[in-house]
Amino acid sequence: MATLTLGTTNLSASGGNWSSAPAGTVVQSATTAASGSIAADSSSVIASGLITTLTPRLSGSKFLTILSGVSAHSNKASSDNHGTIYYMYVSVAGGTYANVAANVTGSHFIDGSLGAWQDVPLTMTYLSTPSYTAGQTVAFQPHYARSTNSSSTCYFHHTGHTAAASQVYNLTVLEIAS
């Protein structure tokens with residue numbers, strides 16, 4: 001194990017991995033990128049399929065999730081699609097996914113007639129502290145649902161125009177020492 005001391009701060013690593021770090025230090029990051037439309041016709045909360053997994057290097061870490069590049073969608077012209085609500089879910093050691101927040105972590109909502117559909121850029125961040133033990137994987141996956149009780153298609157990411165068809169969206173997870 002090697003230790004670097006900077007004033008009163010010790011940074012320790014073993015085998016190229018952190019073994020201790022001051023609170024607030026980003027210990028590692030992982031990103032998953034994807035493209036293409038994600039949509040469903042459901043009244044339930046829906047898994048997006050965009051999953052970022054890492055094995056924490058420290059115990060008791062916090063995790064900052066950053067969802068970016070998503071095109072949130074509303075269509076009040078031909079359907080009752082007011083928009084989408086977003087959640088961040090976590091699975092520890094391959095277990096069942098659970099919401100990391102008490103409720104919604106992001107949303108897109110349009111009230112009233114637009115006369116046409118509309119896409120808006122969505123970025124969502126959330127800091128969570130899931131319970132895990134050394135060696136367990138931690139996987140994050142955004143989920144989504146309709147913002148109203150409509151019967152129309154709900155979009156996690158909409159590719160309704162030519163440029164959006166190849167638009168990349170990302171889920172980045174930072175492990176932060178506590």
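All values reported here derive from a predicted model rather than from experimental measurement.

Cut-offs and rules
Residues numbered from 1 in each chain as written. Predicted model: local features only at pLDDT ≥ 70, side-chain atom pairs only at ≥ 80, totals over all residues. Heavy atoms only, no water. Helix = DSSP H or I, 4+ residues; strand = E, 2+ residues; numbered from the N terminus. Buried < 20%, exposed > 50% of the residue type's maximum accessible area, 1.4 Å probe, protein only. Contact = heavy atoms within 4.5 Å. Pairing = 2+ DSSP bridges. pLDDT = per-residue confidence, 0-100. Phe/Tyr/Trp six-rings, centres within 6.5 Å; stacked < 30°, edge-to-face > 60°. Core = buried A, V, L, I, M, F, W, Y, C linked by side-chain atoms within 4.5 Å.

A few points about the overall build of the chain
In step 1: Secondary structure summary: the chain contains zero helices and 15 strands in total.
In step 2: Taking all 178 residues of the chain together, 42% fall into the buried category.
In step 3: Considering only intrachain contacts with a sequence separation of at least 6, the fraction spanning at least 24 residues in the chain is 76%.

Quick look at the pairing of strand S9 (residues 83–92)
In step 1: In terms of residue burial, S9 counts as a mostly covered element, since nine of its ten residues are buried.
In step 2: Direction of pairing for S9 relative to strand S13 (residues 138–146): antiparallel, over a ladder of nine bridges. Residue pairing in the sheet places Tyr86 in a bridge with Tyr144 of S13.
In step 3: Looking at chain direction, S9 and strand S10 (residues 98–99) are connected through two bridges and run antiparallel. Within the sheet, the bridge partner assigned to Val90 lies in S10 and is Ala98.
In step 4: In this antiparallel pair of consecutive strands, S9 and S10, the connection spans five residues, and Ala93 shows a positive phi of 55°.

So, the confidence of the model for the chain
In step 1: Per-residue confidence for the chain averages 83 on the pLDDT scale, and 78% of its residues sit at or above 70.
In step 2: When mean pLDDT is taken per element in the chain, strand S7 (residues 52–54) scores highest with 97 and strand S2 (residues 9–14) scores lowest with 64.

Some details on the packing of aromatic side chains
In step 1: Across all of its chains, the model carries three aromatic pairs by this definition.
In step 2: Members of the aromatic cluster, connected to one another through ring pairs, are Phe63, Tyr132 and Phe140.

Focus on the environment of Leu54
In step 1: As for its position among the elements, Leu54 is in strand S7.
In step 2: Note: C-alpha distance between Leu54 and Ala30 (24 residues apart in sequence) is 6.8 Å.
In step 3: Not counting the four nearest positions on each side in its chain, Leu54 is found in contact with Gln28, Ala30, Phe63, Gln136, Thr137, Val138 and Val173.

With respect to the nonpolar core
In step 1: With 24 residues, the main nonpolar core has Phe63, Leu67, Val70, Tyr86, Phe140, Tyr144 and Phe156 as its most contacted residues.
In step 2: When residues of this core are traced back to their parent elements, those giving at least two are strand S5 (38–40), strand S8 (62–75), S9, strand S12 (117–128), S13, strand S14 (154–157) and strand S15 (168–176).
In step 3: With four residues, S8 is the largest single contributor of residues to this core.

A short note on the side chain of Ser128
In step 1: In this structure, Ser128 sits in strand S12.
In step 2: Residue Ser128 is classed as buried on the basis of its relative accessible area of 4%.
In step 3: In this structure Ser128 touches Lys62, Phe63, Val100 and Phe140, once residues within four positions along its chain are discounted.

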